[in-house]
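As a plain string of letters, each chain reads:
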Amino acid sequence: MAQTPQQRRANAKFIKDQEARRGKSEDQIKKRTEKVQKSPISPIWLALLAFIVFGGIVFEVLSRFFMSSR
């Protein structure tokens, strides 16, 4: 099966990481991996989700407020 461009980039990144690890102790490797913590969801998607959830709540509260005054 042929590799996709995404898989090629992932393989190249893995090889580069493995070459950087050669000759180093486990402590040096752990320090490097502990620093890089990336969120599994992008900030744009997080903002969109918050807008949908909290926007819906605000809309519901406003609609109930204005409907109850009639």
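Residues numbered from 1 in each chain as written. Predicted model: local features only at pLDDT ≥ 70, side-chain atom pairs only at ≥ 80, totals over all residues. Heavy atoms only, no water.

### Considerations on the overall build of the protein chain
Operational definition: Strands are runs of DSSP state E lasting at least 2 residues, helices are runs of H or I lasting at least 4, and numbering of each runs from the N terminus. Only the protein chains shown count as cover for residues, and all accessible areas are computed by the Shrake-Rupley method using a 1.4 Å probe.
In terms of helices and strands, the protein chain carries three helices and zero strands. For the protein chain, the N- to C-terminal ordering of α and β elements is α-α-α. Accessible surface, the protein chain: about 7,200 Å² in total, of which carbon and sulfur atoms supply 64%.

### Digging into helix 3 (residues 43-68)
Applicable threshold: Between the first and last residue of a helix there are one fewer steps than residues, each counted as 1.5 Å, and that sum is the expected span. Classification of residues uses two cut-offs on accessible area relative to the type maximum, computed with a 1.4 Å probe and protein chains only: under 20% is buried, over 50% is exposed, and between them is partly exposed.
End to end, helix 3 covers 37 Å across 26 residues, agreeing with the expected 38 Å (1.5 Å per residue, within 8%). Across the 26 residues that make up helix 3, only a small minority, zero, are buried.

### So, helix 1 (residues 5-21)
Over its 17 residues, helix 1 runs 25 Å from end to end, which matches the ideal 24 Å to within 8%, given 1.5 Å per residue. Trailing helix 1 by a residue or two, Gly23 shows a phi angle of about 85°, which is positive.

### What to know about the pattern of salt bridges
Side-chain pairing between opposite charges can occur once the charged atoms of the two side chains come close. Stated formally: Throughout this description, the term salt bridge denotes a Lys or Arg side-chain nitrogen within 4 Å of a carboxyl oxygen of Asp or Glu.
Going through the model one piece at a time under the given rule, you end up with one salt bridge. With a closest N to O distance of 2.9 Å, Arg64 and Glu60 form a salt bridge. With Arg64 and Glu60 both in helix 3 and four residues apart, the pair spans about one turn of that helix. Using a relative accessible area of 36% as the deciding quantity, one classes Glu60 as partly exposed.

### A closer look at the confidence of the model for the protein chain
Put simply, the rule reads: The pLDDT value expresses, per residue, how confident the predictor is, ranging between 0 and 100.
For the protein chain, per-residue confidence averages 83 on the pLDDT scale, and residues scoring 70 or more make up 86% of the total. Looking over the protein chain, one finds the lowest element-wise mean pLDDT in helix 2 (residues 26-35), namely 66, and the highest in helix 3, namely 89.

### Focus on the packing of aromatic side chains
Rules: Centres within 6.5 Å are what make two rings of Phe, Tyr or Trp a pair, Trp counting through its six-membered ring; a difference in plane orientation under 30 degrees is then read as stacked, over 60 as edge-to-face, and the rest as tilted.
For the structure on display, the rule yields one aromatic pair. Ring centres 5.3 Å apart and planes at 70° place the aromatic pair Phe65 and Phe66 in the edge-to-face group. You can call Phe65 exposed: its relative accessible area is 55%.

### Points about a nonpolar patch on the surface
Under the convention used in this document: Patch definition: residues above 30% relative accessible area lacking any salt bridge, with like charges linked at up to 9 Å and the nonpolar side chains Val, Leu, Ile, Met, Phe, Trp and Tyr linked at up to 5 Å.
A cluster of nonpolar side chains, Ile41, Trp45, Leu46, Leu48, Leu49, Phe51, Ile52, Val53, Phe54, Ile57 and Val61, forms an exposed patch at the surface whose accessible area comes to about 1,100 Å². By the element assignment, Phe54 lies in helix 3. Note on Phe54: relative accessible area 54%, which makes it exposed.

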